[in-house]
Amino acid sequence: MSKPVAREPQRRNARSNRARILATARRELGRNPDTTLEELARAAGVVRRTLFGHFPGRAALLEALAEEASEVLRGAMAAGAERVGPAEPADRALAHFTLLMWPVGDRYRMLLSLARHDLGVERVAEILAPARAEVTAILERGQRDGVFPAHLPPAVLSAGLEAMTVALLEQVNTGALEDDGSRTATASLIAAGVPQERARAVVDDVASTTAVAESVAGE
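None of these values were measured; they are calculated from a predicted model.

So, how was this worked out
Residues numbered from 1 in each chain as written. Predicted model: local features only at pLDDT ≥ 70, side-chain atom pairs only at ≥ 80, totals over all residues. Heavy atoms only, no water. Helix = DSSP H or I, 4+ residues; strand = E, 2+ residues; numbered from the N terminus. Buried < 20%, exposed > 50% of the residue type's maximum accessible area, 1.4 Å probe, protein only. Contact = heavy atoms within 4.5 Å. Areas by Shrake-Rupley, 256 points an atom, 1.4 Å probe, with all protein chains shown as cover. Axes fitted to C-alpha atoms, helices over the stretch in contact; angles between N-to-C directions. Parallel < 35°, antiparallel > 145°, perpendicular 65-115°, else oblique. Left-handed = near helix turned anticlockwise from the far one by under 90°. Nonpolar A, V, L, I, M, F, W, Y, C, P; charged D, E, K, R; others polar. Salt bridge = Lys/Arg side-chain N within 4 Å of Asp/Glu carboxyl O.

Engineer: Lay out the overall build of the protein in plain terms, naming residues and giving numbers.
Structural biologist: A count of helical and extended segments in the protein gives 10 helices and 0 strands. Of the regular secondary structure in the protein, the N- to C-terminal order runs α-α-α-α-α-α-α-α-α-α. Across the 219 residues in the protein, those meeting the buried criterion constitute 42%. For the protein, long-range pairs separated by at least 24 residues make up 71% of all intrachain contacts whose partners lie at least 6 apart in sequence. Accessible surface, the protein: about 11800 Å² in total, of which carbon and sulfur atoms supply 54%.

Engineer: Please give an account of the packing of helix 7 (residues 121–145) against helix 8 (residues 154–174) that cites residues and values.
Structural biologist: Close contact between helix 7 and helix 8 brings their axes to 8 Å; oriented N to C, the two are set at 125°. The pairing of helix 7 with helix 8 is recorded here as oblique in orientation. Helix-helix and strand crossings are classified by hand; for helix 7 and helix 8 the assignment is right-handed. Side by side, helix 7 and helix 8 meet where Leu 128, Arg 132, Val 135, Thr 136, Leu 139, Glu 140 and Gln 143 of the first sit next to Pro 154, Ala 155, Leu 157, Ser 158, Leu 161 and Glu 162 of the second. Taken together, the residues of the contact of helix 7 with helix 8 sort by class into 7 nonpolar, 3 polar and 3 charged.

Engineer: Now, about the pattern of salt bridges: what can you tell me, with residues and values included?
Structural biologist: As enumerated under the stated definition, the model contains 12 salt bridges in all. One salt bridge in this structure joins Glu 126 and Arg 123, with 3.4 Å as the shortest N-O distance. Taken as a pair, Glu 126 and Arg 123 lie in helix 7 at a separation of 3 residues, close to a single helical turn. Under the relative-accessibility criterion, Glu 126 is labelled partly exposed at 43%. In this structure Arg 123 comes out as buried when scored by relative accessible area, which is 7%. Residue Glu 197 pairs with Arg 200 through a salt bridge whose shortest N-O separation is 3.6 Å. Note that Glu 197 and Arg 200 are positioned in helix 10 (residues 196–218) at a spacing of 3 residues, about one turn of the helix. With relative accessibility at 55%, the residue Glu 197 sits in the exposed group. A residue is classified by how much of its surface remains accessible, and Arg 200, at 42% relative accessible area, is partly exposed. One connected set of salt bridges, linked through shared partners, spans Glu 63, Glu 67, Arg 74, Arg 123 and Glu 126.

Here you go:
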């Protein structure tokens, strides 16, 4: 089955309208997954014809959001690879990865309640494949180095951590949880077999190191 394709914008104002529609869709669909395209057009400040000119239907809009999420995810992973060296202990690498990925998941968390139904499981798997492979590799290395206990195969444990992260993002979506990624990173380390106090210390240190690095990069 071919993916629904949104029409390519050709003018500057068309690109601006498209970006505004996507930003509005992320916000409004996060609040209410049943928001209609007509309601999105009004919220974005464009006429219905403009929205449908870019996105012929709901499937095309969601596919555009999915592709945007995929590009942002790959970009975040590339940035993380520059900061995290191969010699970094696996528990720190997992904390680093979770903290770097959290803003991506937080930004596109509304897709979690829509993607499997509207886009299909295979499309979701395609988007998440790079992240799944990276987490599995970190867990495999950690188990080999004795940082994580080998209580579950790395791929199975990776799937479990992903499911937990999705569940926590959904709790953020409902307002039941507030998190900047630190609580989820700590929970992931504990689930991977790291003692609670060690998990907290690792996440706190990685978070502070990341914040300092971002501050220096922004100067």
